[in-house]
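Residues per chain, in single letters:
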Amino acid sequence: MDHDCHHDDAPHGPDHAGHGGHGHDAMTRDLMMAPRMANHPHQHAMTLVGHKTVFAVHMTQFYMEEHKYQLIFEVILPPAIAAELDRHRRHHPGDWFVLSNDESDLFTIPELASGRRRSYRAQIFQGLPPFSHRAEEDPHFYPWSRDRVRPLLTDFTVEVGRIVMFRPFAHHLIQPEFATYLMWGKGDEAHLTNLQTARLHSGPFQTLSFGPDYDHVLSLRERPEGLDDAALEAGMVFSAPSIRLRHHHDHRQCLPRTNPITPDKPLTLLYRGIQPALTVMPGPSFLFGSAVLSSPDALRPDQVSLEVSRTPKSMILKDDA
């Protein structure tokens, strides 16, 4: 299958292949990958965006039931934690800040989306720490485990506020011709994340695999003019015609190899995939890549990518990369 498409002005950035599952002590790797309806309580990584209002965006995995959900929710942090996080984020505006539940307080994504879980014990990490492929093969591997990296902020309770999006994946859906993004925000802040397609990739008598697609979370420099407050807070759907996901001549699947959205270069979006057109000014992308969410077998080696900031060396406790 050919995944190559031409993407205008695709910036080049660091790549990092990562397929480690979020750790769970009671399951083998094969069991974690097996199709099932039951969700087991787990650790979950969330990308944090926003200053005046902080949102968490769940980091997905197509091949593990616990992470087959796109989820965005408003985060309510203790005032001291919120102030310290904001200070660090303003000092490192392009860095990836990750909210994770503590290993002593596991939950499922449906528990958050249903409102059954309103709070949990949490920690915040800065960037992605180094790890080896061998470490990644451990079924209990979690990049932000306490033996590998020191949290930026820890020992606090986060409250789960308003749910912006809860989107379980369906493996029969076909990827659209162009990338589709959800825009959401509050006040004068707005953000984008792509709506992913976890298409079944494997054939009969093959090990199940899903994808490929990419995960992308970014903020805009400013809220676009003319948007209704309620619509922005609820989430609005746009296509990005400059980001092609299927060849126009034969509809074969393709995806961008590097981040296709350049900071501070105007980006044209189409509301609901048709019209009207809206031009926005992108800010930093905090997370971009195909590596974590797609099944390894669904990706060609040259397409395995993850563009995120690295954890500062002063926070790294174990480096086996």
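It should be noted that the structure appears before, not after, this text.
A. Inspection of the nonpolar core at higher detail. In terms of nonpolar packing, the biggest core is built from 55 residues, with Phe 73, Val 75, Trp 96, Leu 99, Tyr 120, Trp 144 and Phe 156 touching the most fellow members. Here this core takes six residues from strand β6 (residues 153-168), the largest share from any one element. Here Trp 144 is in contact with Ala 45, Met 59, Trp 96, Val 98, Phe 125, Gly 127, Leu 128, Pro 129 and Val 149, once residues within four sequence places are set aside. Among the nonpolar cores identified, the runner-up in size contains 22 residues, and Ala 190, Met 236, Leu 255 and Leu 267 belong to it.

B. Just the sheet that holds strand β8 (residues 189-194), in detail. Read across the open sheet, the eight strands follow the order β12-β11-β10-β7-β8-β9-β13-β14; overall the sheet is antiparallel. Edge positions in the sheet fall to β12 (277-280) and β14 (306-307), since each of these pairs with one other strand and no more. Sheet analysis places strand β10 (residues 236-244) next to strand β11 (residues 267-271), joined by two bridges and oriented antiparallel. Across the sheet, residue Ser 239 finds its bridge partner in β11, namely Leu 270.

C. Structural view of the pairing of β11. Sheet analysis places β11 next to β12, joined by four bridges and oriented antiparallel. Note on β12: the bridge partner recorded for Leu 267 is Val 280.

D. A look at the sheet that holds strand β3 (residues 69-76). With antiparallel pairing, the six strands of this closed barrel are ordered in space as β1-β2-β3-β6-β5-β4. Put simply, the sheet's adjacent strands are angled 45 degrees from each other on average, direction ignored. Taken together, the seven bridges between β3 and β6 define a ladder with antiparallel strand orientation. Bridge pairing in β6 links Leu 71 to Phe 166. Of the strands in this sheet, β1 (45-49), β4 (97-101), β5 (119-126) and β6 are in contact with helix α2 (residues 79-91), which crosses β6 at around 80 degrees.

Here is what the cut-offs are and how they apply
- Residues numbered from 1 in each chain as written.
- Predicted model: local features only at pLDDT ≥ 70, side-chain atom pairs only at ≥ 80, totals over all residues.
- Heavy atoms only, no water.
- Core = buried A, V, L, I, M, F, W, Y, C linked by side-chain atoms within 4.5 Å.
- Buried < 20%, exposed > 50% of the residue type's maximum accessible area, 1.4 Å probe, protein only.
- Helix = DSSP H or I, 4+ residues; strand = E, 2+ residues; numbered from the N terminus.
- Contact = heavy atoms within 4.5 Å.
- Pairing = 2+ DSSP bridges.
- Axes fitted to C-alpha atoms, helices over the stretch in contact; angles between N-to-C directions.

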